[in-house]
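# Fold and geometry: a report
The chain contents come next:
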Amino acid sequence: MVKRPNGAVWACTAAGLLAYLLLPWYAIQDTSWYQALPGIFSEGDAANGLLQALAQHRPWLLLGLAGLALCAVGALQAPGRGQGRCLLAGGLLGALGLAVSGFTIGARGWSVAALNTAFGELATNQFGIGAGGFVALTMLVLLAAFGLARLGFFRGDLFVSGAVVGCGVLLALFIAYPVGKALAGAFLTEDGGWSLMAFFERVFTERIWGLGCLAGATSCGVAWNTLLLALLTATGTTVLGTMIALMAERGSSRLQGPLRVIALLPIITPPFVVGLGLILLFGRAGVVNQLLESWFGIAPTRWFYGLPGILTAQLFAFTPIAFMIMRGVVQGIAPSLEEAAQMLRADRRRAFFTVTLPLLKPGLANAFLVGFIESIADFGNPVVVGGQYSVLSTDIFFAIVGAQYDAGRAASLAWVLTLFALAVFALQRGVLGKQNYTTVSGKGDAGIAMPLPDGVRRACQGVALPWIAFTVVVYLFAFAGGFVQTWGRDYTPTLKHFHTAFALEWGQFGLVWAGTAWNSLITTVKLAGISAPITAALGLLIAWLLARNEFKGQGAFEFAALLAFAIPGTVLGVSYILAFNVPPLELTGTGLVIILCFMFRNLPVGVRAGTAAFKQLDRSLDEASLMLRASTAQTLFRVVLPLLKPALVAALVYSFVRAMTTVSAVIFLVTAENELATTYIIGRVGNGDYGVALAYCTVLIVLMSLAIALIQLLVGERKLGRRKTPAHQGHHKMEAV
């Protein structure tokens, strides 16, 4: 029994009040919040919220204090509907009051022209929200959520209510709001007016929906090109990822270690490196064309540039994501189910296709969904090897960075991408439906996982092993350029490129980081290291909310978590500039805006991996813990989380390496103080200095490989109480059944 039913309510109320007194309310340019602490009790920009409201003539800040006071009154009451009404009213009064005033009053007074006309000029303005305002606003949102729980929503659980409302606010603020602001440009005319016809004129064009390919043209409209590429990529990555996962978990023990390492190699590589390696192999002057010319007299062509090149590059880039999702799902299948099928006289082949494969369904659906959305949002690979094959993401990119800046056209194309993502999202939900895929229950299961049937094993080896070998060849070609003088002209071995980027020298005052790449590398590792654990935690929390709870608006909540994937990185970066360049959130130019972009751009993989894993966990595990009087938070952290280790590893690895290698989402957000590894590499490639660029990529791969090994070591493997035997022993044992 909970001894202090109002403990969380009192803690949030006290934290909100202390934020008004002990923290600077506004963010000060070029000053961190802790550097501003000495000025919180003086009249100035660093003053606390109470002084800002009373002494510096910003009375709208008193709305937050009034809301906290009303919540304090509610905290004095016993848990019940009366307390719920007080908490909800106080939380909404404070949170909405501060939010509305923040969005309507900016650094120059009223932010909305209509308000300026109605009420006249404001004598006082305000800056972007600081530490004090952030903490107070967060506490008010949580108190409003607690009020909903006390009124009977979310089964009266404070933790669930706080998690749903808190995550919903984050998704609205850092995904829906900036993306909506960018997408609204599709409805704006050239003079800034709103027009539905402007949207239709931009969206329904021959360039987007044309069917010229049916009349003999090289390609259709960019929408059909994008859809075809995404379907092929999603299918290919799902099949390859599943085959590699089956081999890594059910195949020969000698191959399992190398498979897990090599399968993840493409995900820890900057995207243009794969494109460069493929061009060295299949480009007009590549090895394959040269061999075809010398052996068979076939003249070199640009056959690889277009759909074949983009598809191959995307299969390289996104198969590791499907592998990480499917590996956790394969691990979660209970051997007892397969053994039961074999005891009923089913052979291994029949048991695989009637028991094992159907239980992989949630993982297959999630892997397909992630592969599809990654494909439609990718622009790096189409730019490098796309040739004349245009897709929506490249058209959006050139609409933004081209000579004719056309935000309206970019927004209209982004609408098409969003609708594609929504359609596949709805299809996935329809396929999975309400079916049950539970394979991990509270009962003991010390069985031995069934080896793959011979036919399935040979099919996996025939497809996955050549693909793995192909991966190794591409990377050998790609990174050889970092160890030679000049690729294509002078193949003399050298380490000068590494010295240029990462030289260390002894100076008058000690060790000097003399290489030109150190600053970008240190900044990237720092920002990625901060964002990755937060992204993984938030993704798994959202997955738990979706899998274990039912509430109104759940479908919209899930799609909002997926929306960042559906929007190309370029559009997301531009939308962050548009949304967070003015109060109340002045983040442009800071490291924080890059961290937030990393977080919400990479969030969906954690959500999808967690959702697939939760489909396998029996609800009785949660219920048993709750019946033993554990709180919801204790159940989540002590019972559920240890069983989600594969999903946690997938979320952590993906979040970290994508933060280290992403290009499109942050290319407009970096500054001289916050240069990232990928922007440094792009600069070198732009100058034709491929040796230094590839040397940097080699260092990144080694660094991220070590990071992945560390993540695996720290998280560990989940313990399901199952025995392990060598694959060949298991094979003979199963044949004897």
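Residues numbered from 1 in each chain as written. Predicted model: local features only at pLDDT ≥ 70, side-chain atom pairs only at ≥ 80, totals over all residues. Heavy atoms only, no water.

Here we come to the overall build of the protein. For the protein, the helix and strand inventory stands at 32 helices and 6 strands. The globule rule puts the C-alpha radius of gyration for 737 residues at 27 Å, and the 28 Å found for the protein is close to it. Sorting the 737 residues of the protein into buried and exposed places 53% on the buried side. Each charge class in the protein was averaged separately, 48 positive and 33 negative side chains, and the resulting centres sit 12 Å apart. (Helix = DSSP H or I, 4+ residues; strand = E, 2+ residues; numbered from the N terminus. Rg over C-alpha atoms; globule rule 2.2 N^0.38 Å. Buried < 20%, exposed > 50% of the residue type's maximum accessible area, 1.4 Å probe, protein only. Lys, Arg positive; Asp, Glu negative; His and termini not counted. Charge placed at Lys NZ, Arg CZ, Asp CG, Glu CD.)

This paragraph deals with the pattern of salt bridges. Tallying each qualifying case throughout the model produces 7 salt bridges. One salt bridge connects Arg409 with Asp395, and the closest N-O pair in it is separated by 3.0 Å. Taken together, the positions of Arg409 in helix H20 (residues 407-432) and Asp395 in helix H19 (residues 392-401) put the pair 14 residues apart, joining distant regions of the chain. Of the residues examined, Asp395 reaches a relative accessible area of 7% and is grouped as buried. Residue Arg684 pairs with Asp689 through a salt bridge whose shortest N-O separation is 2.9 Å. Look at Asp689 and you get partly exposed, because its relative accessible area is 23%. If you follow the salt bridges from partner to partner, you end up with Arg207, Asp395 and Arg409 in one network. (Salt bridge = Lys/Arg side-chain N within 4 Å of Asp/Glu carboxyl O.)

Counting all residues, the mean pLDDT for the protein is 83, and 91% of those residues have values of 70 or more. Confidence over residues 725-737 falls short of pLDDT 50; this stretch has 19 contacts with residues more than four positions distant or in other chains. (pLDDT = per-residue confidence, 0-100. Contact = heavy atoms within 4.5 Å.)

Okay, empty space enclosed by the protein next. A full pass over the atoms with the stated rule returns 4 cavities of 30 Å³ or more. Looking at the largest cavity, it is lined by 11 residues, and the ones nearest its centre are Ile325, Gly328, Ala609, Ala613 and Ala647. Counting residues per element, the lining of the largest cavity draws most heavily on helix H14 (residues 307-332), at 4 residues. Tallied by class, residues from the lining of the largest cavity come to 8 nonpolar, 2 polar and 1 charged. Within this model, the second largest cavity holds a volume of roughly 50 Å³. The wall of the second largest cavity is formed by Ile244, Ile262, Ala263, Pro266, Leu315, Phe316, Thr319, Pro320, Trp467, Ile468 and Thr471. Elements with a minimum of two residues in the lining of the second largest cavity: helix H11 (253-263), H14 and helix H21 (454-480). In terms of residue count, the dominant contributor to the lining of the second largest cavity is H14 (4 residues). Tallied by class, residues from the lining of the second largest cavity come to 9 nonpolar, 2 polar and no charged. (1 Å grid on protein atoms, 1.4 Å probe; cavity = no way out; pocket = protein on both sides within 12 Å on 5 of 7 lines; lining within 4 Å. Points joined across faces, edges and corners; volume = space filled by probe spheres on them. Nonpolar A, V, L, I, M, F, W, Y, C, P; charged D, E, K, R; others polar.)

Both the distance between ring centres and the angle between the ring planes are used here to describe each pair of aromatic rings. Considering all chains together, one arrives at 33 aromatic pairs under this definition. Measuring from ring centre to ring centre gives 5.9 Å for Phe282 and Phe470, while their planes differ by 70 degrees; the resulting arrangement is edge-to-face. Placement of the pair is Phe282 in helix H12 (residues 271-282) and Phe470 in helix H21, with a sequence separation of 188 residues. Aromatic ring contacts, followed pair by pair, group Phe282, Trp303, Phe304, Tyr305, Phe316, Trp467 and Phe470 into a single cluster. (Phe/Tyr/Trp six-rings, centres within 6.5 Å; stacked < 30°, edge-to-face > 60°.)

So, about the packing of helix H1 (residues 7-22) against helix H6 (residues 131-150). Running from N to C, H1 and H6 point in directions that differ by 155 degrees, and their axes come no closer than 8 Å. Between H1 and H6, the angle is such that the two are roughly antiparallel. Read as a crossing pair, H1 and H6 show a hand that is left-handed. Facing Ala8, Val9, Cys12, Thr13, Ala15, Gly16, Ala19 and Tyr20 of H1, the residues of H6 in contact are Gly132, Val135, Ala136, Met139, Leu142, Leu143 and Phe146. (Axes fitted to C-alpha atoms, helices over the stretch in contact; angles between N-to-C directions. Parallel < 35°, antiparallel > 145°, perpendicular 65-115°, else oblique. Left-handed = near helix turned anticlockwise from the far one by under 90°.)

Structurally, the position occupied by Gln83 is in helix H4 (residues 81-104). Separated by 3.1 Å, the side chain of Gln83 and the backbone oxygen of Gln77 make a polar contact. Sequence-distant contacts of Gln83, defined by excluding residues within four places in its chain, comprise Asn6, Gly74, Ala75, Gln77, Ala78 and Arg150. (Polar contact = N/O pair within 3.5 Å; in protein donor to acceptor, adjacent residues only side chain to side chain.)

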